[in-house]
Amino acid sequence: MAIGSEFSSLPASHDKNTKALQFIEDVTRNADNIQKRVLAEILSQNAHTEYLKRFQLNGATDRDTFKSKVPVVTYDDLKPDIQRIANGDRSPIFCAHPISELLTSSGTSAGESKLMPTIDEEMDRRQLLYSLLMPVMSLYVPDLDKGKALNFMFIRAETETPGGLVARAVLTSYYKSHHFKIRQNDPYNANTSPIEAILCQDAFQSMYTQMLCGLIMRLQVLRIGAIFASGLLRAIRFLQLNWQQLTHDISTGTLNPKITDPSIKEGMSKILKPDPELAGLISKECSGENWERIITRIWPNTKYLDVIVTGTMAQYIPTLDYYSGGLPLASTMYASSECYFGLNLKPICKPNEVSYTILPNMGYFEFLPHDDSSPSLTQSRDLVDLVDVEVGKYYELVVTVYAGLCRYRVGDILQVTGFHNSAPQFRFVRRKNVLLNIDADKVDEEELQRAIENASILLMDFNTSVVEYTSFADTKSIPGHYVIYWELLVKDSSNPPSDEVLTQCCLAMEESFNSFYRHGRVVDNSIGPLEIRVVENGTFEELMDYAISRGASINQYKVPRCVTFTPITELLDSRVVSVYFSPAAPHWTP
């Protein structure tokens, strides 16, 4: 088959890339047939599992029987069975193959990470998707094999379940795998970051070493990235805070004594040599107050930034443009702990035009029509298949995967933007029900409400309560942080809550948030201290009046629990009477 129209006018740089592009064409052209085959393989492989036996499929592998008998589920539906696996049950509950590990998802349940069972062969599917990224990118950005990437990559701490399985983030699993180490040897995926630094659990040592190597190899760097836009901005902030020590190391050829990891020290001894000229150049760029275009000033050959800027990450685009001088922003792939889904076939596009093409061989995909205004009108029976979605419409993604999850609601809301051959392309809109998000954290309305209730306990001794509240994710500073607006009812004006109590309320809220939030605060330093802004009495009535003046129904008006519209935040800020920050980091253990 000939390569499709999107690729036909662009020369592939070498044979491996051509084969990868041809593979994309083949699977997207035969999307529905491949979906039928994938479903049949999953059902056949797992036919004798406890989960599928509950629905009496009796060996059927066809789509109609599957849809008529297997229900659409959420994590809470599966949690008891997943807990059995975590506790050591090795019987084939979901999957015929042994569960190799549990992947922690940043989507939360009851305040803690979800655990997603996975199997060894899933790593092959993830690696397949990774192998397609650079062939597509090379069509738009030439000679990427002539230099290196400065990618800031980090692992998270692992835990062990009571049954002895490792529980860890999907990227931690990948970075520790043989697949990733092989990928490191591909000239299209050469990184300035040494593997020892990537695999170091100490966030400071890892970031410091990766930044140091990126500075030493500055002229070889062709692309700079992190998984999320917030991660790259955190790296820039790290450079602002540590450039003097970094340039000292470069100038003298000695390593910061704070770097104590033996494997890093050994690896850096082979890289770090005295270079006063380079140190002087970096010092000159970093010592001034103006950091506009700092990325291209230090790394002049950078062609694009490799970061996710879809969904809530779009809030970081203006800051990235400021630091990079408007370099292209490439959001290359769409994936989750449950499944890797697809890739962006036009990676060098405007951020608001990013669409991901779902690859039909990665899992079996269904789509639940989504309507924010009438969520009760969409039912499980309304699910449509991959090739039957309609351009312009919104859907919630539902997946069935080889590791055994069947008709699982991922919680991502997508909008169909078009098709590549017969495979649909989607714009990521948002996570369902997520209110607050700075980095890998996700806090929904229920979790925020629970945090407010826990913090309010501290106000009871002062006969004070929280009358109303709302929130927003403030990303003007690095790192960003949560801002909570409180309107208080102080029933005894002679004994109001003290400033100390209100700062403790900030910490109480942080202690109530999920482990991904607390990990970001304590380990990654990717989230700043939570802030409570107390507003004047009557402020939320004014907020309602404003909403009604813009057409909201007074009968249906509800206080928004998260606000992003600038006039509303300006109204709230104009009524602030006092401000408090969390006085310490919340508790977190691996």
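See above for the structure.
Residues numbered from 1 in each chain as written. Predicted model: local features only at pLDDT ≥ 70, side-chain atom pairs only at ≥ 80, totals over all residues. Heavy atoms only, no water.

Asker: So what exactly am I meant to see when it comes to the sheet that holds strand β22 (residues 576-581) here?
Answerer: The strands making up a sheet are joined through hydrogen bonds of the backbone, oriented either antiparallel or parallel. Spatially, the four strands line up as an open sheet ordered β19-β20-β21-β22, and their pairing is mixed. In the strand order of this sheet, the two ends are held by β19 (464-474) and β22, each with one partner. Averaged over all neighbouring strand pairs, the angle between strand axes comes to 25°, with direction disregarded. Examined bridge by bridge, strand β21 (residues 531-535) and β22 share five bridges and lie antiparallel to one another. (Pairing = 2+ DSSP bridges. Helix = DSSP H or I, 4+ residues; strand = E, 2+ residues; numbered from the N terminus. Axes fitted to C-alpha atoms, helices over the stretch in contact; angles between N-to-C directions.)

Asker: Can you walk me through the nonpolar core in this structure?
Answerer: Soluble globular proteins tend to bury their nonpolar side chains together. F341, L343, F365, F367, L397 and Y408 are the most contacted members of the largest nonpolar core, which totals 80 residues. In terms of residues, this core owes the most to one element, helix α7 (residues 122-140), which gives seven residues. Apart from residues no more than four positions distant in its own chain, F367 is found in contact with D382, L383, V384, D385, L386, V389, Y395, E396, L397, L414 and F426. (Core = buried A, V, L, I, M, F, W, Y, C linked by side-chain atoms within 4.5 Å. Buried < 20%, exposed > 50% of the residue type's maximum accessible area, 1.4 Å probe, protein only. Contact = heavy atoms within 4.5 Å.)

Asker: Quick question: what am I supposed to make of the side chain of R521 here?
Answerer: Among the secondary structure elements, R521 is positioned in helix α19 (residues 515-524). Once residues lying within four places of it in the same chain are set aside, the contact partners of R521 are E510, I527, G528, P529, S582, A584, A585 and P586.

Asker: Hey, could you run me through the sheet that holds strand β6 (residues 221-228) in this one?
Answerer: Within the open sheet, the four strands sit side by side as β3-β6-β7-β8. Their pairing is parallel. Taken across any chain shown, the strands that pair with only one partner, and hence form the sheet edges, are β3 (148-152) and β8 (329-330). The pairing of strand β7 (residues 304-308) with β8 spans two bridges and is classified as parallel. The residue of β8 that forms the bridge with D306 is A330.

Asker: In this structure, what is going on with helix α14 (residues 276-287)? I would like to understand it.
Answerer: Each full turn of the α-helix corresponds to 3.6 residues, which orients residues three or four apart in the same direction. If you check α14, its first and last C-alpha atoms are 16 Å apart, about what 12 residues at 1.5 Å a residue would give, namely 16 Å. Three or more residues of α14 are buried, namely L278, A279, I282, E285 and C286. Angularly, the buried residues of α14 cover 130° about the axis, an arc narrow enough to put them on a single face. Away from its buried face by more than 90 degrees, α14 exposes P276, E277 and K284. (Expected span 1.5 Å × (residues − 1). Arc of directions from axis to C-beta.)

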